[in-house]
Amino acid sequence: MAELYAQWRAMMLSGEAMSLWQSFYVRFYQAFIEADRWKQYLGGMVTTLYTTAMALVIGILIGVIVAVIRTAHDQQRPGHRNPVLGVVNFILKIYVTVIRGTPMMVQLLIMGMVIFASSRNFTLVGALTLGINSGAYVSEIIRGGLMAVDAGQMEAGRSLGLHYIDTMRFIVIPQAVKAILPSLGNEFIVLLKDTSLINVIGGKEMLYAAQGIISRTYEAMYPLLGIALLYLILVMIFSWLLGRFERRLRQSDRR
Amino acid sequence: MIDVKGLYKSFGDHEVLRDINEHIYPGDKMVIIGPSGSGKSTFLRCLNLLETPTAGTITLDGQVITDPKTDIDKVRRKMGMVFQHFNLFPNMTIRKNVTLAPVRTGLMKQAEADETAMALLKRVGLEDKAEAYPAQLSGGQKQRIAIVRALAMKPEVMLFDEPTSALDPEMVGEVLEVMKELAQEGMTMVVVTHEMGFAREVGNRVLFMADGVVMEQGSPEEIFSAPKSPRLQDFLSKVL
């Protein structure tokens, strides 16, 4: 195999006429097999998955906290407004506005080249930025879900003497989760694909690997198609897992 | 027991309740009737502060519950509430629906709450539904469960907000039956309803509300057999 590659590559470099099969073989071999390049894609994929997982955890954590605080602020009884909650709510509103109002790429560059300019851990900075970004969107998704739960549920819980936090925890949030799972899944898919952006601050994910190989081989098609396929496969696995999870949640209400 | 003084409530510019003064005595079965939009539900919801009154005071057992410093959760534990749309928790089994509040508020341990729940469910004839989910029940069954859920907190007073209005006609009876039994046991009850038969049979006091005020009140005989105000006469001629 390697000999065939060397032989046909020499042909290609000398400008000889080649069959379609021969040129495909050479380019494919060069993009994936030569110098064990597939390992670079694989390494990139590990980073991509790691970044996604980190950002996911950060995003959900921020999203839940922001959503619950903002909903609590909006649901206060008139005349019982908590000033601390008001201030926190105002800050969180700014957070959501700024994050949603500026491009992901710009946020990454600011984090990587300004705030954490001295950090060499590009992947971590990238994951943190993506997590903070995702948190703003997730918080709005969750807030929508919390508000969509029938107001009677909160009233029933409170009328039994349950505390606001208990009512949220046992009654409202579990119902909201089921309702928002599809849009949350959508957000996670976006997040997975957005990890390709962290290569602008030096994160060594799949696109970074592909770009490195392109600059060595002067051949863009196969590396790019290759990672496109990898992203597609990852997203499909992800969607499948989500679908299974949704079905499991739906079983609990046995209609 | 519950004392209401100078109660006002408005939503924005719309004044729903105007200067309500009432006293509910232990063992009272107060039935509130009136046309829709008269403020009867709002009045009931003010009693456990699901609506915050614009002005006035409400006192329960000598404690001013409209005072912002009152721990409203503690007050609500003494008042059971049953809603028009049942508001059972669809994400839990019936047993969990009934035991959640007593356990979380520290009133009972889980085992004791389970026992109480089963005893109450047996009383309303639904002990076989303990592990079912609300979605599997009929409207009448849901409302009986909702009553059980409120009773599990061992409340001193039960508030009913049009408990049969969302039910199919053939299921109204089973819910009213449970409420009648409860009344016979001496539970203090405040009931907003359109069931005039129930008002007549169970109520010891009937309030007729219209336009945000209590227009007329008295014993069921006085209200239904000898209505004084033209508004009440008009209302009764339409519903009876």
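The notes below deal with the structure included here. Numbering of residues starts from 1 in each chain and follows the order in which that chain's sequence is written. Starting at A for chains and at 1 for ligands, labels are handed out in the order in which the entities are written. Given that this is a predicted model, residues contribute local features only at a pLDDT of at least 70 and side-chain atom pairs are listed and counted only at 80 or more, while totals for whole chains, interfaces and linings are drawn from all residues. Side-chain numbers come from the whole structure's heavy atoms, not from hydrogens or water.

### Examining the overall build of chain A
For step 1, the next point in the chain: Elements are defined by DSSP. Helices are runs of H or I of four residues or more, strands are runs of E of two residues or more, and each kind is numbered from the N terminus. Of the regular secondary structure elements, chain A holds 10 helices and 0 strands.
For step 2, the next point in the chain: The N-to-C order of helical and strand elements in chain A reads α-α-α-α-α-α-α-α-α-α.
For step 3, the next point in the chain: Against the 2.2 N^0.38 benchmark of 18 Å for 255 residues, chain A shows a C-alpha radius of gyration of 24 Å, more extended than a compact globule.
For step 4, the next point in the chain: Expressed as lengths along the three principal axes of its C-alpha atoms, the size of chain A is roughly 85 × 50 × 25 Å.
For step 5, the next point in the chain: Think of it in three bands: with a 1.4 Å probe and only protein chains considered, a residue is buried below 20% of the maximum accessible area for its type, exposed above 50%, and partly exposed in between. Buried positions account for 45% of the 255 residues belonging to chain A.
For step 6, the next point in the chain: In what follows, a contact means two residues having at least one pair of non-hydrogen atoms within 4.5 Å. Put simply, 70% of the contacts in chain A that link residues at least 6 apart link residues at least 24 apart.
For step 7, the next point in the chain: About 13600 Å² of surface is accessible on chain A, with carbon and sulfur atoms providing 68% of the total.
For step 8, the next point in the chain: Here chain A contributes 23 positive and 15 negative side-chain charges, whose respective centroids are spaced 7 Å apart. Only C-alpha atoms enter the radius of gyration, while the globule expectation follows 2.2 Å times N to the 0.38, with N the number of residues. To be clear on the numbers: accessible area is Shrake-Rupley with a 1.4 Å probe, and residue cover counts the displayed protein chains and nothing else. For the purpose of charge, His is not counted, nor are the chain termini; Lys and Arg are scored as positive and Asp and Glu as negative. Just so you know, the charge point we use is NZ for Lys, CZ for Arg, CG for Asp and CD for Glu.

### Thoughts on helix 9 (residues 206-217) of chain A
Residue and element names in this part refer to chain A.
For step 1, the next point in the chain: In this scheme, a helix's expected span is set at 1.5 Å multiplied by one less than its residue total. The end-to-end C-alpha separation of helix 9 is 17 Å, in line with the 16 Å expected for 12 residues at 1.5 Å each.
For step 2, the next point in the chain: Each polar contact in these results corresponds to two N or O atoms within 3.5 Å; when the atoms are within protein, one needs to be able to donate a hydrogen and the other to accept it, and residues that are neighboring in sequence are counted only if both atoms are side-chain atoms. N-capping of helix 9 is provided by Glu 205, with a side-chain oxygen placed 3.0 Å from the backbone N of Leu 207.
For step 3, the next point in the chain: Two residues or fewer after helix 9 comes Tyr 218, characterised by a positive phi angle close to 55°.

### Looking at the environment of B:Glu177
Residues and elements named next belong to chain B.
For step 1, the next point in the chain: Looking at where Glu 177 falls in the secondary structure, it is placed in helix 6 (residues 169-184).
For step 2, the next point in the chain: For Glu 177, a relative accessible area of 41% gives the class partly exposed.
For step 3, the next point in the chain: Residues Glu 177 and Val 124 lie 53 residues apart in sequence; the distance between their C-alpha atoms is 9.2 Å.

### Brief notes about the interface of chain A and chain B
For step 1, the next point in the chain: In this assembly, 25 residues from chain A lie in contact with 29 residues from chain B.
For step 2, the next point in the chain: In this description, buried area is defined as the sum, over both parts, of the accessible area (probe of 1.4 Å) that is lost when the two are combined. Counting the surface chain A buries against chain B, the share from its top three residues, A:Arg77, A:Ser159 and A:Leu160, is 26%.
For step 3, the next point in the chain: Every case where a carboxyl oxygen of Asp or Glu lies within 4 Å of a side-chain nitrogen of Lys or Arg is listed as a salt bridge. Linking chain A to chain B there are 3 salt bridges.
For step 4, the next point in the chain: Residue A:Arg158 pairs with B:Asp73 through a salt bridge whose shortest N-O separation is 2.9 Å.
For step 5, the next point in the chain: At the boundary of chain A with chain B, the tally comes to 7 residue pairs in polar contact (both at pLDDT 80 or more).
For step 6, the next point in the chain: Of all the secondary-structure elements, those providing two or more residues to the side of chain A that touches chain B are helix 7 (151-159) and helix 8 (164-194) of chain A.
For step 7, the next point in the chain: It is helix 7 of chain A that provides the largest number of residues to the side of chain A that touches chain B, a total of 7 residues.
For step 8, the next point in the chain: Side-chain classes follow a simple rule in which Ala, Val, Leu, Ile, Met, Phe, Trp, Tyr, Cys and Pro form the nonpolar group, Asp, Glu, Lys and Arg form the charged group, and the remainder, Gly included, forms the polar group. When its residues are assigned to classes, the side of chain A that touches chain B shows 7 nonpolar, 9 polar and 9 charged.

### Considerations on the sheet that holds strand 7 (residues 157-161) of chain B
All names here are of chain B.
For step 1, the next point in the chain: If DSSP finds at least two bridges between two strands, the strands pair. Reading across the sheet, the 6 strands line up as 6-7-8-3-9-10 and stay open at both edges, with mixed pairing between neighbours. Edge positions in the open sheet fall to strand 6 (79-82) and strand 10 (213-218), since each of these has one partner strand only. The sheet shows a mean angle of 20° between the axes of neighbouring strands, direction not considered.
For step 2, the next point in the chain: Summarising the sheet, strand 9 (residues 205-210) and strand 10 pair through 5 bridges and their orientation is antiparallel. Following the sheet pairing, Ala 210 is matched in strand 10 by Val 213.
For step 3, the next point in the chain: Convention adopted: a line fitted to C-alpha atoms gives each axis, helices being fitted over their contacting stretch, and angles between N-to-C directions are expressed from 0 to 180 degrees. Along the sheet face, helix 6 touches strand 3 (29-33), strand 7 and strand 8 (188-192) and points at about 145° away from the line of strand 8.

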